[in-house]
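Summary of the model geometry
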Amino acid sequence: MANSIQLFKNYVGLLDEVYQQAAKTAVLESDSLLVQQGANANELVIPKMELSGLGDYDRASGYVTGDVKLTHETVQFNYERGRMFSVDSMDNEETAGVAFGKLSGEFIRTKVVPELDAVRFAQYASATGILTATAETFSAGKDILDALREAKAAMDEAEVAEEDRYLFITPTLMDLVDGVDTTTSKEILNRFADVICVPQSRFYTQVTLKSGTSEEAAGGYAKGDEAKDINFMIIHKPAVLQITKHQAPKVILPEANPDADAYKFGYRIYGLNTVYENKQKGIYLSTKA
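Residues numbered from 1 in each chain as written. Predicted model: local features only at pLDDT ≥ 70, side-chain atom pairs only at ≥ 80, totals over all residues. Heavy atoms only, no water.

We now examine the overall build of the protein. If you tally the helices and strands in the protein, you get six helices and 13 strands. Classification of the 289 residues of the protein by burial places 39% in the buried group. Within the protein, residue pairs in contact and separated by at least 24 positions form 77% of the contacts whose partners lie at least 6 positions apart. Surface summary for the protein: the accessible area is close to 16100 Å², and the carbon and sulfur share equals 49%. (Helix = DSSP H or I, 4+ residues; strand = E, 2+ residues; numbered from the N terminus. Buried < 20%, exposed > 50% of the residue type's maximum accessible area, 1.4 Å probe, protein only. Contact = heavy atoms within 4.5 Å. Areas by Shrake-Rupley, 256 points an atom, 1.4 Å probe, with all protein chains shown as cover.)

Turning next to the nonpolar core. By size, the foremost hydrophobic cluster in this structure holds 22 residues, and its most contacted members are Tyr 19, Ile 108, Val 113, Val 207 and Tyr 267. Where this core is concerned, the elements lending two or more residues are helix H1 (2-22), strand E4 (79-88), helix H3 (98-125) and strand E12 (262-275). The element that contributes the greatest number of residues to this core is H3, accounting for nine residues. Every residue in contact with Val 113, bar those within four places of it in the chain, is listed here: Tyr 19, Ala 22, Ala 23, Ile 108 and Arg 202. Counting residues in each nonpolar core, the second largest holds 21 residues, with Leu 131, Phe 138, Leu 173 and Met 174 among its members. (Core = buried A, V, L, I, M, F, W, Y, C linked by side-chain atoms within 4.5 Å.)

Overall, the coordinates contain eight aromatic pairs when judged by the stated rule. Considering the side-chain rings of Tyr 57 and Tyr 63, the 5.0 Å spacing of their centres and the 75° angle between planes classify their relative orientation as edge-to-face. Taken as a pair, Tyr 57 and Tyr 63 share a single burial class, namely exposed. Within the aromatic cluster, the residues linked to one another by ring pairs are Phe 85, Phe 107, Phe 265 and Tyr 267. A cation over a ring is seen here: Lys 279 above Tyr 276, with NZ or CZ 4.9 Å from the ring centre. (Phe/Tyr/Trp six-rings, centres within 6.5 Å; stacked < 30°, edge-to-face > 60°. Lys NZ or Arg CZ within 6 Å of the ring centre and 35° of its normal.)

Here we take up the pairing of E12. Counted residue by residue, E12 has 10 buried out of 14 residues, so it is predominantly covered. The pairing of E4 with E12 spans 10 bridges and is antiparallel. Bridge pairing in E12 places Asp 88 opposite Ala 262. (Pairing = 2+ DSSP bridges.)

Moving on, we come to the packing of helix H4 (residues 141-157) against helix H5 (residues 171-178). Interhelical geometry of H4 versus H5 gives an angle of 100° and a closest axis separation of 7 Å. The angle between H4 and H5 places the two elements in the roughly perpendicular class. Across the interface between the two elements, Gly 141, Ile 144 and Leu 145 from H4 touch Leu 173, Leu 176 and Val 177 from H5. Its residues assigned to classes, the contact of H4 with H5 comprises five nonpolar, one polar and no charged. (Axes fitted to C-alpha atoms, helices over the stretch in contact; angles between N-to-C directions. Parallel < 35°, antiparallel > 145°, perpendicular 65-115°, else oblique. Nonpolar A, V, L, I, M, F, W, Y, C, P; charged D, E, K, R; others polar.)

Let us now look at a nonpolar patch on the surface. A cluster of nonpolar side chains, Met 49, Leu 51, Val 68 and Leu 70, forms an exposed patch at the surface whose accessible area comes to about 440 Å². Of all the elements in the fold, those that place two or more residues in the nonpolar patch are strand E2 (43-51) and strand E3 (68-76). Classification of Val 68 by relative accessible area gives exposed; the value is 60%. (Patch = residues over 30% accessible without salt bridge, like charges linked within 9 Å, V, L, I, M, F, W, Y side chains within 5 Å. Salt bridge = Lys/Arg side-chain N within 4 Å of Asp/Glu carboxyl O.)

Before going further, it helps to spend a moment on the sheet that holds strand E5 (residues 131-132). In a beta sheet, neighbouring strands pair by backbone hydrogen bonds and run either parallel or antiparallel. Taken in spatial order, the five strands of this open sheet run E5-E13-E10-E6-E7, and their pairing is mixed. Each of the sheet's edge strands pairs with one partner strand only, and the pair in question is E5 and strand E7 (194-197). Strand direction decides the pairing type here: strand E6 (residues 165-169) and strand E10 (residues 230-236), joined by five bridges, are antiparallel. Bridge pairing links Ile 169 to Phe 232 in E10.

Here is the structure:
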């Protein structure tokens with residue numbers, strides 16, 4: 001049993017790699033050292049600082065005294081999901097370990113990651129105070145590049161730092177952009193830290209999470225009733241607080257399973273996805289008409 005457990009511990013690292021490679025939002029993961037645990041286990045405390053501006057300098061009396069105001073914002077974790085699978089030991093043996101061995105990786109790649117991306121984009125897109133464009137359905141690459149120029153100008157005017165701006169855009173629109181003169185498109189696209197294509201199925205302003213029980217037994221997520229399709233989003237990484245506090249793949253071997261001669265694989269994820277109150281302008285949203 002010890003050898004099997006050790007093998008699974010090694011495999012957990014591979015599952016994390018699957019997430020890092022498949023999740024479009026993995027690049028936005030925040031440094032958990034920037035925040036501290038709150039009074040309750042489900043809270044984080046975020047420090048916020050306000051400073052006085054410059055004042056007149058007097059050659060006789062010197063400086064005008066300024067104020068430093070340090071406050072803290074408490075936020076609660078807002079995403080918690082899980083699922084447990086069972087694979088009969090003989091089914092696993094008769095498929096040379098494929099039944100159980102493939103399950104965990106496929107589950108994270110095809111179920112966990114798409115939902116996690118969809119939830120995060122919807123959360124950021126629905127935040128109050130973000131920059132938004134007039135809804136538009138694009139049919140030409142030039143129009144998309146013009147819209148990206150407008151987006152950049154809006155963020156510049158809002159004094160959002162140019163570093164760490166990520167462009168998330170649908171593959172369909174990116175194909176239109178790629179069809180434009182490469183010099184023009186490169187000039188605009190090179191202004192972003194990275195350009196990441198997001199399938200439309202993960203790119204909505206609102207999603208509904210299914211419970212995984214009764215009539216919603218299939219679980220997963222769906223486009224919200226009032227959701228709009230997103231064309232593109234520009235996200236300044238420091239504007240979002242995206243922390244995965246607990247991501248726990250779990251395995252129970254047949255010899256430790258009291259209910260059946262079967263492997264059990266469980267997965268639970270618990271985290272926070274939100275926009276800082278004073279950094280909403282670090283998000284720019286374009287939706288379809």
